[in-house]
Structures are given as C-alpha cells and as structure tokens.
Amino acid sequence: MPELIDPGRDCPLCPRLTEFRTVNQEIYSGWHNAPVDTWVTPKGDHAVELLIVGLAPGLKGANKTGRPFTGDFAGDLLYETLQKFDLAEGSYEGHEGDTLTLNNCAITNAVRCVPPQNKPTSHEINQCRPFLKNTIDRFENLRAIISLGKISHDSVVRTLGHKLSAYPFKHNSNYEFETIVLHSSYHCSRYNTNTRRLTPEMFENVFETTLKTLRNVKSCVS
Ligand code: URA
C-alpha cells in the first residue's frame, strides 16, 4: 500500500478511519467519503514548486467534495490567499465543479481520510506518512512546502527524515532542508481565525515569505 502515491478509495490502513468512512457512506450517500487525493495544478507535476500540506479533510467539506479544503471553512481563507498571490485563479465556490485552478502548486493533507472530531491519532498520522512521502517525492521541481498547523509540520519534518527537536513548530518559521524550504503557519481553521490566533495578514505574511524563497531559487520549471 505505501508504494502508492495516493491511498485507494478503500484504504484499510486505519481501522477507526475505515469504520468512520463506512458510517459516513451510509449517512451521506452521494458524497466523496474516501481518502482525498492531492490536488495539482493543471500544468502537471513538473510545474509544482510549492506544496501546501493541511491536516485532514473536514467531514462536510473535503470529505464531501473530494478536493482538499473545498467546502471547508478553512478553504475560504486558504483559497482567497492563494488567489491574492497568484497561486490560484478562477472562482472558488466551495465545490469541486467550480472554475478554480492552481498555479505552480499542489495541495494535500497529512492525513488523507476524515478523522472523527478532526483529530487523527498519532498512529493514523504515521500510517498515512508514506503517502505524504510519495507525494513530496513525486514533484521533481518542488522548492517549498507550507505546512498548515503543528500536525502537518511535524509530519513533514519526519517525512523529510529530520528530528522535531531540531525543527520545532513555530508560526512563520522557515527551515531550510536539502532542496526544500519548509514554511509553517498556524492552521487556517475556523477556531484559529475566529480567535484571531491567525489573522489574514499573518497568513499572507507566510505566503509572502514563501514566494520570496521561490524567487530566490532559480526556477527549473520550463
Ligand atoms: N480541509 C482540508 O482538506 N484540510 C484541512 O486541513 C482542513 C480542511
């Protein structure tokens, strides 16, 4: 299974998430109700210089629509910010049939299945990590990752083979690894934005810094 870039629709690796999926398939027939795959710019893998890594699909958002952050509260700020920085274009309408497309980036989650109460266990995060690794590896021109929240940050650091004690989560931190710079942010969740732990300005600062990184690295994308 971990040889796959994306888990299959019936991925059995996490019993609790598999059971939750089955229950949701019964309650919400017609929804996606399966692991949510990475969403990639239409230019293809070769064009991806930035990967955004969220936590996990929201029950009534990405788990319903099948596209990361789409229909989730967190998607409103994320996609507005991506559009501001020219990393997305078209119209974001909270469903997978809108006209939104990504520019030079891709979006994925540390955990691909919706977890109960939005809280994956450590075991589930570990089980899903090989998919994150395969996702990072598939983008040959990847230069930067934006991690949204501590769970995403920690999973990316581990995926890249480094110790969390050396690279602790901090909002707006930048850690340089071999070929990739990791920028981390508080998650753009409803809770964080309502409590103003994360303001739109703080979130934009993270993207501003990331784009500086991308401009400083000579682009390999033709
Ligand atoms: N939706 C996602 O796809 N990921 C998140 O982290 C939050 C909402």
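Use the structure listed above.
Remember, it's a predicted structure, so these values are computed and weren't measured experimentally.

How each quantity is defined
- Residues numbered from 1 in each chain as written.
- Predicted model: local features only at pLDDT ≥ 70, side-chain atom pairs only at ≥ 80, totals over all residues.
- Heavy atoms only, no water.
- Helix = DSSP H or I, 4+ residues; strand = E, 2+ residues; numbered from the N terminus.
- Buried < 20%, exposed > 50% of the residue type's maximum accessible area, 1.4 Å probe, protein only.
- 1 Å grid on protein atoms, 1.4 Å probe; cavity = no way out; pocket = protein on both sides within 12 Å on 5 of 7 lines; lining within 4 Å.
- Points joined across faces, edges and corners; volume = space filled by probe spheres on them.
- Nonpolar A, V, L, I, M, F, W, Y, C, P; charged D, E, K, R; others polar.
- Pairing = 2+ DSSP bridges.
- Near = heavy atom within 4 Å.
- Polar contact = N/O pair within 3.5 Å; in protein donor to acceptor, adjacent residues only side chain to side chain.
- Sits in = over half its atoms within 2 Å of the grid points.
- Salt bridge = Lys/Arg side-chain N within 4 Å of Asp/Glu carboxyl O.
- Axes fitted to C-alpha atoms, helices over the stretch in contact; angles between N-to-C directions.
- Parallel < 35°, antiparallel > 145°, perpendicular 65-115°, else oblique.
- Left-handed = near helix turned anticlockwise from the far one by under 90°.
- Contact = heavy atoms within 4.5 Å.

A. Fine view of unusual backbone geometry. One non-glycine residue, N172, lies in the positive phi region at around 65°. One can find N172 in the loop between helix 5 (150-159) and strand 7 (173-176). For N172, a relative accessible area of 28% gives the class partly exposed. Here the phi dihedral of R196 falls at roughly 60°; this positive angle occurs in a residue that is not glycine. By secondary structure assignment, the location of R196 is in the loop between helix 6 (190-194) and helix 7 (200-216).

B. Fine view of empty space enclosed by the protein. Tallied over the full model, the rule gives two cavities of 30 Å³ or more. In this structure, the largest cavity encloses a volume near 100 Å³. Taken together, 15 residues line the largest cavity, and the ones lying closest to its centre are C11, C14, L17, C113 and C128. Elements with a contribution of two residues or more to the lining of the largest cavity: helix 1 (15-27) and helix 4 (122-138). The element best represented in the lining of the largest cavity is helix 4, accounting for four residues. Roughly 40 Å³ of internal volume is contained in the second largest cavity. Along the walls of the second largest cavity sit R21, N24, N33, A34, P35, N63, C113 and V114, which together make up its complete lining. For the lining of the second largest cavity, the per-class residue count stands at four nonpolar, three polar and one charged.

C. Local environment of the pairing of strand 5 (residues 105-109). Within strand 5, five of the five residues are buried, which leaves it mostly tucked inside the rest of the structure. Side chains C105, I107 and N109 of strand 5 all project onto a buried face; the interleaved residues A106 and T108 project onto the opposite face, where all are buried too. Inspection of the sheet shows strand 1 (residues 39-40) paired to strand 5 by two bridges, in the antiparallel sense. Of the residues in strand 5, the one forming a bridge with V40 is A106. Sheet topology note: the strand 2 (residues 50-54)/strand 5 ladder contains five bridges and is parallel. Among the inter-strand pairings, G54 is bridged to a residue of strand 5, identified as N109.

D. Just the site of the ligand, in detail. Close to the ligand lie G54, L55, A56, P57, G58, A62, P68, F69, D72, N109 and H187. In this structure, D72 approaches the ligand through a side-chain N or O atom, which is 2.7 Å from a nitrogen atom. Between the ligand and the protein, one listed contact pairs a nitrogen atom with a side-chain N or O atom of N109 at 2.8 Å. At a threshold of 2 Å from the grid points, most atoms of the ligand map onto the largest pocket. Its residues assigned to classes, the shell around the ligand shows six nonpolar, four polar and one charged.

E. Layout of the pattern of salt bridges. In total, this model carries eight salt bridges according to the counting rule given. Of the charged contacts, one joins D45 and R138 as a salt bridge, the two residues approaching to 2.9 Å between their closest N and O atoms. A residue pair is termed long-range when its members are at least 10 positions apart, and D45 in the loop between strand 1 and strand 2 and R138 in helix 4 qualify at 93 residues. Judged by relative accessible area, D45 falls into the partly exposed class, the value being 27%. For R138, a relative accessible area of 23% gives the class partly exposed. Linked by salt bridges that have partners in common, E80, K84 and E204 make up one network.

F. Fine view of the packing of helix 3 (residues 73-84) against helix 7. It is the contact of helix 3 with helix 7, at a shortest axis distance of 10 Å, that shows an interaxial angle of 50°. When the axes of helix 3 and helix 7 are compared, the pair comes out oblique. Crossing angle aside, the handedness with which helix 3 passes helix 7 is right-handed. Facing L77, L78, T81, L82 and K84 of helix 3, the residues of helix 7 in contact are P200, F203, E204 and F207. Its residues placed into classes, the contact of helix 3 with helix 7 shows six nonpolar, one polar and two charged.

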